[in-house]
Amino acid sequence: MSTLNGIPTPLHNRLIEGFPDDLRNRILSLCDTVELTLGDKLYEPELPFEYVYFPITAFVSLGTTLRDQLPLEMALIGNEGMLGVTLALGVNSAPMLTVVQGSGKALRMSAKQLRHELRESTVLMRTLNNYLYVLMAQLKQTVVCTHFHAIEPRVARWLLMIHDRAHSNKFYLTHEYLANMLGVRRSTITVTAGTLQKRRLISYKRGTITILDRKGLEGITCECYEALNKDHLHIFK
């Protein structure tokens, strides 16, 4: 365990760390460590996978698009998960646009190697199927949250989710990006972020958000945040 800005930083991906020793060592031997950069597009919808990724300190968003519309973010993936998990279903293409939202390290394996390991290991197949359940639950919860909850608790939820994956109290996040993420106008985010800043829950300057009071954000977020964390118990128990 290392630290970044005083925050403990994991050296590995939690999904891989949950594997039995022999499987974990096997998977790690097949991975390269790569740097992912903010804004990188890892997958385009319907294009075949070349690699799968296990984030370590990077985090990535999954978004869906309509013609002439900006992407709407449906899920965030950090060191708790992986990108390319639909290979466990025999599906060799990405269903959504996948963009790096937080620069950092990830483990990368070829899709061909993962397909081979899935054929050889029932433990790997079972674990990735469990993770698919968690990812589906996040997609479902995002849709429900977007439809039913007010903007302030939704913003608090996304900030907490990003904070969980950024491994730092500071991260880069523009109002425009957060508006696209939540499917609202930029002016709505500006007003909401200003309110959170006045309450000293966050600080916002030139695209950099600093979490000042995590407990305060947890106090105003909707129940979706807790529900998403509980879903991860299907894997990390």
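This report concerns the structure included in the present document. What you see is a predicted model; the values in this text were computed from it and never measured.

Side note on the pattern of salt bridges
Inspection of every chain in the model, using the stated rule, returns 9 salt bridges. One salt bridge connects Arg24 with Glu17, and the closest N-O pair in it is separated by 3.9 Å. Residue classification places Arg24 among the buried residues on the basis of a relative accessible area of 16%. Salt-bridge contacts for Glu35 lead to Lys105; the nearest nitrogen and oxygen are separated by 2.6 Å. A residue pair is termed long-range when its members are at least 10 positions apart, and Glu35 in strand 3 (residues 32-36) and Lys105 in strand 9 (residues 104-110) qualify at 70 residues. With relative accessibility at 38%, the residue Lys105 sits in the partly exposed group.

Quick notes on the sheet that holds strand 12 (residues 208-211)
The sheet built from 3 strands is open, its strands ordered 10-12-11 with antiparallel pairing. Each edge of the open sheet carries a strand with a single partner, namely strand 10 (170-172) and strand 11 (202-205). Ignoring which end each strand starts from, the neighbouring axes of this sheet average 20° apart. The sheet contact formed by strand 10 and strand 12 spans 3 bridges and is antiparallel. Directly across from Lys170, in strand 12, lies its bridge partner Thr210.

Side note on the packing of helix 4 (residues 122-148) against helix 5 (residues 151-166)
Contact pair helix 4 / helix 5: the axes reach a minimum separation of 11 Å and the direction vectors enclose 150°. By the criterion of interaxial angle, the relationship of helix 4 to helix 5 is roughly antiparallel. With respect to the hand of their crossing, helix 4 and helix 5 are arranged in left-handed fashion. Each of Gln138, Thr142, Cys145 and Thr146 in helix 4 lies in contact with helix 5, whose residues at this interface are Arg154, Arg157, Trp158, Met161 and Arg165. Residue composition of the contact of helix 4 with helix 5, grouped by class: 3 nonpolar, 3 polar and 3 charged.

Focus: the pairing of strand 5 (residues 51-55)
Regular strands show a simple pattern: their side chains alternate between the two faces of the sheet. Burial analysis of strand 5 places 4 of its 5 residues in the buried class, which makes it a mostly covered element. The pairing of strand 5 with strand 9 spans 5 bridges and is antiparallel. Each residue of the ladder has a partner; that of Tyr51, found in strand 9, is Ser110.

Some details on the packing of aromatic side chains
Within this structure, the stated rule accounts for 2 aromatic pairs. On the numbers, 4.7 Å between centres and 70° between planes, the contact of Tyr43 with Phe49 is edge-to-face. On the accessibility criterion, Tyr43 (8% relative accessible area) is buried. By relative accessible area, which is 8% here, Phe49 ends up buried. Taking 6.1 Å as the distance between ring centres and 55° as the angle between the ring planes, the aromatic pair formed by Tyr43 and Tyr53 counts as tilted. Linking Tyr43 in strand 4 (residues 41-43) with Tyr53 in strand 5, this pair joins segments that are 10 residues apart in sequence.

Details of the sheet that holds strand 3
Spatially, the 3 strands line up as an open sheet ordered 3-9-5, and their pairing is antiparallel. Looking at strand neighbours, the two that pair on one side only are strand 3 and strand 5, the edges of this open sheet. Each neighbouring strand pair of the sheet contributes to a mean axis angle of 40°, computed without reference to strand direction. Against the sheet, helix 3 (residues 111-120) touches strand 5 and strand 9, its axis set at about 65° to strand 9.

Considering helix 5
The end-to-end C-alpha distance of helix 5, which contains 16 residues, comes to 22 Å, matching closely the 22 Å that a straight helix rising 1.5 Å per residue would cover. Helix 5 sits mainly inside the fold: 13 of its 16 residues count as buried. Downstream of helix 5 by a residue or two, His167 has a phi angle that is positive, lying close to 60°.

Re the packing of helix 5 against helix 7 (residues 186-198)
The packing of two helices is summarised by the inter-axis angle and the distance between the axes. The geometry of helix 5 relative to helix 7 is characterised by a closest axis approach of 10 Å and an angle of 75° between their N-to-C directions. One finds that helix 5 runs roughly perpendicular with respect to helix 7. From helix 5, Ile151, Glu152, Val155 and Leu159 reach across to helix 7, where they touch Thr188, Ile189, Thr192, Thr195 and Leu196. Here the residues of the contact of helix 5 with helix 7 sort into 5 nonpolar, 3 polar and 1 charged.

Procedures and definitions
- Residues numbered from 1 in each chain as written.
- Predicted model: local features only at pLDDT ≥ 70, side-chain atom pairs only at ≥ 80, totals over all residues.
- Heavy atoms only, no water.
- Salt bridge = Lys/Arg side-chain N within 4 Å of Asp/Glu carboxyl O.
- Buried < 20%, exposed > 50% of the residue type's maximum accessible area, 1.4 Å probe, protein only.
- Helix = DSSP H or I, 4+ residues; strand = E, 2+ residues; numbered from the N terminus.
- Pairing = 2+ DSSP bridges.
- Axes fitted to C-alpha atoms, helices over the stretch in contact; angles between N-to-C directions.
- Parallel < 35°, antiparallel > 145°, perpendicular 65-115°, else oblique.
- Left-handed = near helix turned anticlockwise from the far one by under 90°.
- Contact = heavy atoms within 4.5 Å.
- Nonpolar A, V, L, I, M, F, W, Y, C, P; charged D, E, K, R; others polar.
- Phe/Tyr/Trp six-rings, centres within 6.5 Å; stacked < 30°, edge-to-face > 60°.
- Expected span 1.5 Å × (residues − 1).

In short, geometric facts, not functional conclusions.
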